[in-house]
Amino acid sequence: MSVTNTAVSLQAAGSIPDGPCGDDDCGIRDVLDRLGDRWTVLVIVELSKGVRRFRELERAIPGISQRMLTLTTKRLWRDGIIERIAYPTIPPQVEYRLTATGRSLAETVLVLADWSREHRGVIGAARQQWDAEHASANQA
């Protein structure tokens, strides 16, 4: 019996618990893949403040390269999170804004950003305490 058939049989028998969404694929992996990259959340937070041109985004997000900003905006555009408007000017002018889906996601992302700001000190202190308690184990 193949691995797939075994897994299906075990799940049908109740031996394999349902995932976070029950037995359907609610898309959580896709969302986490997108949000888990280094730049996506920062782009969404910046665009939650309003329409931004490419260079404005680049200046507002410290450390992002032009290539990474291009890749990130293309992925978000493909996912329907942002809208890209290109104006036929010389040089070309491009603006980005959140779509309705993107604004909905931004609400959640901003809550996460607020949470991380609020708990940064507590997390830092916990890390220092853990590092101090486990220093001898790390040296072995």
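Scroll up for the structure.
Residues numbered from 1 in each chain as written. Predicted model: local features only at pLDDT ≥ 70, side-chain atom pairs only at ≥ 80, totals over all residues. Heavy atoms only, no water.

Q: In this structure, what is going on with the environment of Leu-57? I would like to understand it.
A: As for its position among the elements, Leu-57 is in helix α4 (residues 54-60). Leu-57 gets classed as buried once you look at its relative accessible area, which sits at 0%. Among all residues touching Leu-57, those that are not within four sequence positions of it are Glu-46, Leu-47, Arg-52, Leu-69, Thr-73 and Tyr-96. (Helix = DSSP H or I, 4+ residues; strand = E, 2+ residues; numbered from the N terminus. Buried < 20%, exposed > 50% of the residue type's maximum accessible area, 1.4 Å probe, protein only. Contact = heavy atoms within 4.5 Å.)

Q: Is there a simple way to think about a nonpolar patch on the surface in this case?
A: Judged by side-chain polarity, Leu-112, Trp-115 and Ile-123 come together as a nonpolar surface patch covering roughly 290 Å² of accessible area. In this fold, Ile-123 is placed in helix α6 (residues 100-133). (Patch = residues over 30% accessible without salt bridge, like charges linked within 9 Å, V, L, I, M, F, W, Y side chains within 5 Å. Areas by Shrake-Rupley, 256 points an atom, 1.4 Å probe, with all protein chains shown as cover. Salt bridge = Lys/Arg side-chain N within 4 Å of Asp/Glu carboxyl O.)

Q: Would you explain the sheet that holds strand β3 (residues 82-87) in this entry?
A: Either a parallel or an antiparallel arrangement is found when strands of a sheet pair, and the pairing is made through backbone hydrogen bonds. Pairing within the open sheet is antiparallel, and its three strands lie in the order β2-β4-β3. Lying at the two open borders of the sheet, with one neighbouring strand each, are β2 (52-53) and β3. Of the pairings in the sheet, the one linking β2 to strand β4 (residues 93-98) comprises two bridges and is antiparallel in character. Counterpart to Arg-53 in the pairing with β4 is Glu-95. Packed on one face of the sheet, helix α5 (residues 66-78) meets β3 and β4 and runs near 115° to β3. (Pairing = 2+ DSSP bridges. Axes fitted to C-alpha atoms, helices over the stretch in contact; angles between N-to-C directions.)

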